[in-house]
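Fold and contact review
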Amino acid sequence: MAHTPTVSLIKGDGIGIDVADAALAVMNAALVRRNAELPTITEIQAGAGYFAETGTDIEPGGEEKAGESDAIFLGAIGLPSIRHEDGTEISPHLRLRDRYQLFAGVRPIKAYPNAPQRLADPRAAGIDMVILRESTEGLFYSAAVHKRAEVIPNQEVRDIMRITRSTTEKLHEFGFQLAERRRARGKAGKLTCVDKANVFTSQAFFRQIFDEIKANHPDTEVSYNYVDAMALDLVRQPWEFDVMVMENMFGDILSDLAGGLVGGMGMAACGEIGETIGLFQPAHGSAPDIMGQDKANPLAAILSAGLMLDYLATKTKAEGYEAAAALIDGAVDAGFAQNRLRPMEFGGDMGTKAVTQTVIDVIGEL
């Protein structure tokens, strides 16, 4: 049954506040343009700034409240000057990943006309791929917020790379289905397993499960790449890849590298999807040095809002949400193609508000 979508909003820290406001404004404009009902939004206080004020990183009951919505939208979390006593960052969003098992980290990487292209090869203008990063285990299983590392005080620390069958099966199945949906939309639809199976037993297990799931998808083209070779190929020939599935830490690193190929982290959208809820956020940090100065590029957050609408369309069956998601993507494409989007991040003359308003204007024209 269709129902009005609900969203938990965590603006967080630094430019997270600026870009979250921008994303919501664009999302609402796209929904209105497609005659769709606006979601019900509940704001939750969390982040480093909240920690500095209260001694806790999320409001009482905030984790539970976030999970009661259909989706979570996050601006950015963290401030370099505010840390735990052990030096680690304030990271309530990592607990949300773990608590709600948001195993599928979707990182679209797309080149836009008139946006910076770091590679001279003309084929780089056609980069359009997705890094699928497992987001609950791997080496991040031992992230400090989870307190799972084995610590011998001031002598040694042992972190764990955890690969489980249950999570990895879901991840690879998600990857094959994503590749198939992209093929249906005219993309290559090729799925690459990225691992370090030649060195780590855990990674050999990761590849083993990939091959097991592959048997259920005989029509999907697959390939394999070790993570170090993948880093090379992302610089050497990124146009040869479509969807790449990998462990958590590998995905954390390679998604930033890939984002740099198409302009920078200001374009890096992200969705983290589990079986019951999804969390959507720009992949960049809080950039406190430019917070509140109308300098942040809001496009990563805006594109993340588009990912969220697409997710909500499937989850809630809300009318117009899929069309609104496509409208956001189309408006960013058209805005760059017409040279109307010129973010300061790329040396342009447009701050957060101007970029946001331009996307809204283009939405009104499409």
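Residues numbered from 1 in each chain as written. Predicted model: local features only at pLDDT ≥ 70, side-chain atom pairs only at ≥ 80, totals over all residues. Heavy atoms only, no water.

1. Some thoughts on the sheet that holds strand S12 (residues 278-282)
The test is simple: We call two strands paired when DSSP finds no fewer than two bridges between them. The helix and strand labels rest on DSSP assignments: H or I over at least four residues marks a helix, E over at least two residues marks a strand, and numbering proceeds from the N terminus. Angles run from 0 to 180 degrees between N-to-C directions of axes, and those axes are lines fitted to C-alpha atoms, restricted for helices to the stretch in contact.
Ordered by their spatial adjacency, ten strands build an open sheet running S2-S1-S3-S12-S11-S4-S5-S10-S8-S9, and the pairing between neighbours is mixed. Edge positions in the sheet fall to strand S2 (40-43) and strand S9 (222-226), since each of these pairs with one other strand and no more. Averaged over all neighbouring strand pairs, the angle between strand axes comes to 20°, with direction disregarded. Pairing analysis gives four bridges linking strand S1 (residues 6-12) to S2, with the strands arranged parallel. Along S2, the bridge assignment pairs Thr 6 with Thr 40.

2. Regarding the packing of helix H1 (residues 15-33) against helix H11 (residues 352-365)
Selection rule: Oblique is the label for any angle not covered by the other classes, which are roughly parallel (under 35 degrees), roughly antiparallel (over 145) and roughly perpendicular (65 to 115). By the convention used here, residues are in contact when the closest approach between their heavy atoms is within 4.5 Å. Polarity classes work like this: nonpolar for Ala, Val, Leu, Ile, Met, Phe, Trp, Tyr, Cys and Pro, charged for Asp, Glu, Lys and Arg, and polar for all others, with Gly in that last group.
It is the contact of H1 with H11, at a shortest axis distance of 9 Å, that shows an interaxial angle of 10°. The angle between H1 and H11 falls in the class roughly parallel. On H11, the residues touching Asp 18, Ala 22, Ala 25, Val 26, Ala 29, Ala 30 and Arg 33 of H1 are Thr 352, Thr 356, Val 359, Ile 360, Ile 363, Gly 364 and Glu 365. Its residues placed into classes, the contact of H1 with H11 shows eight nonpolar, three polar and three charged.

3. Regarding the pattern of salt bridges
So the rule is basically this: By salt bridge we mean one thing: a side-chain nitrogen of Lys or Arg within 4 Å of a carboxyl oxygen of Asp or Glu. The buried label applies to any residue whose accessible area, calculated with a 1.4 Å probe on protein chains only, is under 20% of its type's maximum; exposed applies above 50%, and partly exposed to all values in between.
If you walk through the whole model with that rule in mind, you get 27 salt bridges. The closest approach of N and O atoms between Glu 63 and Arg 95, which form a salt bridge, is 2.6 Å. One end of the pair, Glu 63, is in helix H3 (residues 62-67); the other, Arg 95, is in helix H4 (residues 92-99), with 32 residues separating them in the sequence. Overall, the relative accessible area of 12% leaves Glu 63 in the buried class. Its salt-bridge partner being Arg 236, residue Asp 233 comes within 2.6 Å of it at the nearest N-O pair. Taken together, the residues span about one helical turn, with Asp 233 and Arg 236 both in helix H7 (residues 227-236) at a distance of three residues. One network of salt bridges, with partners in common, ties together Asp 57, Glu 63, Glu 64, Arg 95 and Arg 99.

4. A short note on the state of the cysteines
Note the following rule: We call a pair of cysteine sulfur atoms a disulfide whenever their separation is within 2.5 Å.
The final tally for this structure, using the stated rule, is zero disulfides. The structure places no disulfide on Cys 193, whose sulfur is separated from the nearest cysteine sulfur, that of Cys 270, by 20 Å.

5. Quick notes on the environment of Asn 248
Note the threshold: Distance and chemistry together define a polar contact, namely a pair of N or O atoms within 3.5 Å, with one atom able to donate a hydrogen and the other to accept it when in protein, and with adjacent residues in sequence counting only for side-chain atoms on both sides.
Relative to the assigned elements, Asn 248 resides in helix H8 (residues 248-261). Of the residues examined, Asn 248 reaches a relative accessible area of 0% and is grouped as buried. Taking the C-alpha atoms as reference points, Asn 248 and Ser 69, 179 residues apart in sequence, are found 25 Å from one another. Look past the residues within four positions of Asn 248 in its chain and what remains in contact with it is Arg 133, Glu 134, Ser 135, Thr 136, Glu 137, Gly 138 and Phe 140. At a separation of 3.4 Å, a polar atom in the side chain of Asn 248 contacts the main-chain carbonyl oxygen of Glu 134.

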